[in-house]
Amino acid sequence: MRHIISLLMENEAGALSRVAGLFSARGYNIESLTVAVTEDPTLSRMTIVTTGSDDVIEQIIKQLNKLIDVVKVLDLNDGKHIERELMLVKVKATGVHKDEMKRMCDIFRGRIIDVADNSYTIELTGSCSKLDAFIEAIDRSAILETVRTGASGIGRGDRILKV
Amino acid sequence: MDASAHSATDTHAKSMTGADIVVSCLNEEKVKFVFGYPGGAVLHIYDALYKQNGFKHILVRHEQAAVHAADAYSRATGDVGVALVTSGPGATNAVTGIATAYMDSIPLVVISGQVPVPAIGLDAFQEVDMVGVTRPCVKHNFLVKHVKDIAPTIKKAFFIAKTGRPGPVVVDIPKDITAHVADFIYPKTVEMRSYNPILKGHSGQIKKAVKLLLGAKRPMIYTGGGLVLGNGAAELVKLAKALNFPVTNTLMGLGGYPATDKQFVGMLGMHGTYEANMAMQHCDVLLAVGARFDDRVIGNPKHFGGQKRTIIHIDVDPSSISKRVKVDVPIVGDVQSVLADMNEILAQEENQSTDTADWWSQINEWRGIQSLDYTYSDSVIKPQYVVQKLWEVTKGEAYVTSDVGQHQMWAAQYYKFDKPRRWINSGGLGTMGVGLPYAMGCQFADKHAQVACITGEGSIQMNIQELSTCAQYGLPIKVILLNNRYLGMVRQWQEFFYENRYSESYMDSLPDFVKLAESYGHVGMRITNPADVEGALKEAFDRKDKFVFMDFLTDQTENVFPMVENGKGLSEMVLSPSTASRLKGEE
Ligand SMILES: Cc1cc2nc3c(=O)[nH]c(=O)nc-3n(C[C@H](O)[C@H](O)[C@H](O)COP(=O)(O)OP(=O)(O)OC[C@H]3O[C@@H](n4cnc5c(N)ncnc54)[C@H](O)[C@@H]3O)c2cc1C
Ligand SMILES: Cc1ncc(C[n+]2csc(CCOP(=O)(O)OP(=O)(O)O)c2C)c(N)n1
Ligand SMILES: [Mg+2]
């Protein structure tokens, strides 16, 4: 099953490579991994999207907790949570595509953030599956370039990951 | 760097160089021996250690041996082992030693030199990314970038190495940092918000476990390296005695329960005894203590899981629990603390008696098979016989180190360890070449002790240069070379699984080990006749102040039995020809 794991770790040089190294050394899947410093500059927050059986996910959580720099780990799938990913898509905006892209962008609540002679750049946020759906919905041949950040996740309501 | 680690109270800070700080930190940690080898990046540190009279530096002949010796020192004493190596090739030579310690959870602090901070990343002379190289085989590692961080980092390194599940920690220190000057303040305590190992077991779980043990009809206690590392042997003996349960040890756990006690059923696993493996397979309640259900121990997990049993597992590392085998009652905590709690709860129980008479008679029937039987010969020396005689001659009191191969298994099967921390070997990584440096570590740990290194002619050549170190420090080690002129363990697998195609497992051009030993000033002996084995061992151990290299020419065709073949279940053992033919005759 697909899991979103959130973790807080010491904001030290090499911390990211410890997590990435753990996943590759033990053969765990990584769908996406995002990391940035938090409001507390000594801490980084990472969101990892992975897949695996319950046993594998249990081992992943234990192994992450075992890393000395990791302060806290939370499997967001253990409760209600929100996930968001940002995607930038550059599409052809000529001929039929011009109106079509504007219309699809509105339906998916995206924004056109750059307009050039022959292209639009669309900004879209949402769950990973919403971004996938957008890609499915538009004419593939019109896509010039895409870039996605990978998912960030947070628990709903009182579910808070903090030191 | 976590600011809370700097909780120093010492106000008499002294200004000194980074190199002096390194040395002072080691002395603050009361380190007695540092095993090392000098080089450019650590010259400041070597100069600083020349000027101090705290710890003693032991100059090895290869950095791998420095780490192995520090590792054995730790296994024998329980203290953190310390090694010091230079950057680049010194650091990479240390890696096998570090990985060996990591796999067996041994607490080490390895200090490596690094090129100066401004040169890092420029492919400088003798530069290697030590933090990157060792990341997968350390508990943690650090690159120190400021002189003021040296003391708090070393403090943390010792703390991390020895607490929780122990392991090696690398501290990589650039050369320029060791020349910079800072106030030396050694932190008294360490606090890390990201690292708080759980030591005390959950009382509800412990109560539940005791109930299960008391209700067991076919109980089994299976203990491993964690019982030895956590100094829990005394509590375990108390528990096992109170319950009258059978006990087996893993290769790493030998000595955790006295081997000469009648409740001991021997080692289990691939080369375990028949009774240990059968009891492990058929028990109804299993208490696992500081053991990690390794693939060499339970055989095929599917076959193991085919039998229903309730498993209680005590381990300080949650990731060891339910990793390979699903556990019913997990208890995360330190063995000593959890076993003490168990003993206390047990003592309060009204009815402490267990009904294990039927189970014991079953176990005794399995024992009757005598799976460690071998055929003695008076024309060729049987390796098992040498180990048995070694046990007798040393009265079971020696520190025994081994290398990796058939000789390692015979050492484990035939030397009966009654005390923990006496059996020193590489189980997890299975590193050939550890034997001699391990013996050095033991001899430094206890300079009057009898130390025997059981080895093979393949393995001993992987760190043979340490004969020189042994001469320099006058270490009276006894090398017991079971010389079968084969990479025996490889040959055995080739005999069983590759139709006797002995591909590259024969060693030609062996040195004359007697002359080799003598060339270093040691005593060399060659023993070819079974009748001479005992006398030779006595003679060697009587030479209390001499290093004696004993080259026993042993049976080239001998194999290790019993054997659970790869992928087979624990109870599907191949027995030795002598056991098998005896059983056949009895039918
Ligand atoms: C040629 C060869 C053949 C082998 N054949 C066999 C064989 O037949 N039988 C066999 O048993 N092994 C055999 N081995 C060894 C095997 O590979 C493993 O190394 C060994 O079985 C692991 O032992 P262990 O389970 O005791 O774990 P260890 O590696 O000793 O692990 C210790 C466990 O205890 C935990 N621990 C540590 N400290 C504490 C504490 N204070 N409190 C609580 N828990 C703690 C750790 O977290 C860990 O889970 C062989 C090795 C070689 C090289
Ligand atoms: C460094 C290393 N290389 C290779 C191996 C694989 N290996 C395991 S046992 C063995 C043979 C050991 O031969 P020897 O030391 O003569 O011992 P014997 O089995 O003959 O007793 C080999 C090559 C290993 N364990 N370690
Ligand atoms: Mg050999």
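Residues numbered from 1 in each chain as written. Chains lettered and ligands numbered in written order. Predicted model: local features only at pLDDT ≥ 70, side-chain atom pairs only at ≥ 80, totals over all residues. Heavy atoms only, no water.

The name given to chain A in an unreviewed UniProt entry is Acetolactate synthase small subunit, with Methylophilus glucosoxydans as the source organism. As recorded by UniProt, the Sequence similarities (unreviewed entry) comment attached to chain A reads in full: "Belongs to the acetolactate synthase small subunit family." (UniProt positions renumbered as here; feature names shortened; annotations may be inferred.)

Visitor: In this structure, what is going on with the sheet that holds strand β9 (residues 219-223) of chain B? I would like to understand it.
Guide: The pairing of strands in a sheet happens through backbone hydrogen bonds and is either parallel or antiparallel. Residue and element names in this part refer to chain B. The 6 strands lie next to each other as β11-β10-β9-β12-β13-β14, forming an open sheet whose pairing is parallel. Only two strands of the sheet have a single partner each, and these edge strands are β11 (264-267) and β14 (329-332). Strand-to-strand, the axes of this sheet are offset by a mean angle of 15°, without reference to chain direction. Strand contacts of helix α14 (residues 335-348): β12 (285-289), β13 (310-315) and β14, with the helix running at about 130° to β13, the strand carrying the most contacts. (Pairing = 2+ DSSP bridges. Helix = DSSP H or I, 4+ residues; strand = E, 2+ residues; numbered from the N terminus. Axes fitted to C-alpha atoms, helices over the stretch in contact; angles between N-to-C directions. Contact = heavy atoms within 4.5 Å.)

Visitor: Which parts of the structure should I look at to understand the environment of Lys 145 of chain B?
Guide: Residue and element names in this part refer to chain B. Its location among the elements puts Lys 145 in the loop between β6 (140-143) and α6 (150-162). Looking at Lys 145, the relative accessible area reads 44%, which means it is partly exposed. Residues Lys 145 and Leu 214, 69 residues apart in the sequence, show an inter-C-alpha distance of 56 Å. If we skip the residues at most four places from it in the chain, Lys 145 touches Val 117 and Ile 177. (Buried < 20%, exposed > 50% of the residue type's maximum accessible area, 1.4 Å probe, protein only.)

Visitor: Please explain the pattern of salt bridges as it appears in this structure.
Guide: Oppositely charged side chains may form a pair once their charged atoms are brought near each other. Counting across every chain of the model gives 40 salt bridges over all chains. A salt bridge links Asp 149 of chain B to Lys 148 of chain B; its shortest N-O distance comes to 3.4 Å. For Lys 148 of chain B, a relative accessible area of 55% corresponds to the exposed category. Between Glu 534 of chain B and Lys 389 of chain B there is a salt bridge, and its shortest N-O distance comes to 3.5 Å. Taken together, the residues span a long stretch of sequence, with Glu 534 of chain B in helix α23 (residues 533-542) and Lys 389 of chain B in helix α16 (residues 383-393) at a distance of 145 residues. When salt bridges that share partners are traced, they join Asp 55, Glu 58 and Lys 62 of chain A together with Lys 326 of chain B into one network. (Salt bridge = Lys/Arg side-chain N within 4 Å of Asp/Glu carboxyl O.)

Visitor: Help me out: how do you make sense of the coordination of the magnesium ion (ligand 3) in this one?
Guide: Six octahedral donors at a metal ideally form angles of 90 or 180 degrees, and four tetrahedral donors ideally form angles of 109.5 degrees. Residues and elements named next belong to chain B. Taken together, the protein ligands of the magnesium ion (ligand 3) are Glu 457 (OE), Glu 457 (OE), Asn 484 (OD1) and Tyr 486 (O), with distances of 2.1 to 2.6 Å. Viewed at the metal, the 6 donor atoms of the magnesium ion (ligand 3) are separated by angles of 51 to 176°, and the geometry they form is irregular. Expressed as a motif, the donor residue spacing for the magnesium ion (ligand 3) is E-x26-N-x1-Y. Across the pair, Tyr 486 and Asn 484 agree in class, each one buried. (Donors = N, O, S within 2.8 Å, 3.2 Å for Na, K, Ca; no water. Tetrahedral: all angles 85-135°; square planar, octahedral: opposite > 155°, others 65-115°.)

Visitor: Quick question: what am I supposed to make of a nonpolar patch on the surface here?
Guide: A cluster of nonpolar side chains, Leu 88, Ile 113 and Val 147 of chain A, forms an exposed patch at the surface whose accessible area comes to about 220 Å². Tracing the sequence through the fold places Ile 113 of chain A in strand β6 (residues 111-115). (Patch = residues over 30% accessible without salt bridge, like charges linked within 9 Å, V, L, I, M, F, W, Y side chains within 5 Å. Areas by Shrake-Rupley, 256 points an atom, 1.4 Å probe, with all protein chains shown as cover.)

Visitor: Got a minute to help me understand the domain arrangement of chain B in this structure?
Guide: How large an interface is tends to be reported as the accessible area lost when its parts come together. All names here are of chain B. Once the domains are mapped, chain B shows domain 1 (3-184), domain 2 (203-367) and domain 3 (383-553). On a C-alpha basis, the centroid separation for the pair domain 2 and domain 3 is 31 Å. Opposite the 17 residues of domain 2 that make contact, domain 3 presents 18 residues. Interface area for domain 2 against domain 3, summed over the two sides, is near 1,400 Å², with a carbon-plus-sulfur share of 63%. Its largest share of buried area at the contact with domain 3, domain 2 owes to Leu 251, Leu 254 and His 271, together 37% of the area lost on that side. For the side of domain 2 that touches domain 3, the residue count by class is 11 nonpolar, 4 polar and 2 charged. (Domains from an automatic or database assignment. Buried area = accessible area lost by both parts, 1.4 Å probe. Nonpolar A, V, L, I, M, F, W, Y, C, P; charged D, E, K, R; others polar.)

Visitor: What am I meant to see in the side chain of Thr 34 of chain A here?
Guide: Residues and elements named next belong to chain A. Note that Thr 34 resides in strand β2 (residues 32-37). For Thr 34, a relative accessible area of 13% puts it in the buried group. Not counting the four nearest positions on each side in its chain, Thr 34 is found in contact with Arg 45, Met 46, Thr 47, Thr 149, Gly 150, Ala 151 and Ser 152.

Visitor: Can you walk me through the sheet that holds β6 of chain B in this structure?
Guide: Residue and element names in this part refer to chain B. If you trace the 6 strands from one edge of the open sheet to the other, you get β3-β2-β4-β5-β7-β6, paired in parallel fashion. Edge positions in the sheet fall to β3 (56-59) and β6, since each of these pairs with one other strand and no more. Ignoring which end each strand starts from, the neighbouring axes of this sheet average 20° apart. Taken together, the 4 bridges between strand β2 (residues 33-36) and β3 define a ladder with parallel strand orientation. In the strand pairing of β3, Phe 33 is matched with Lys 56.

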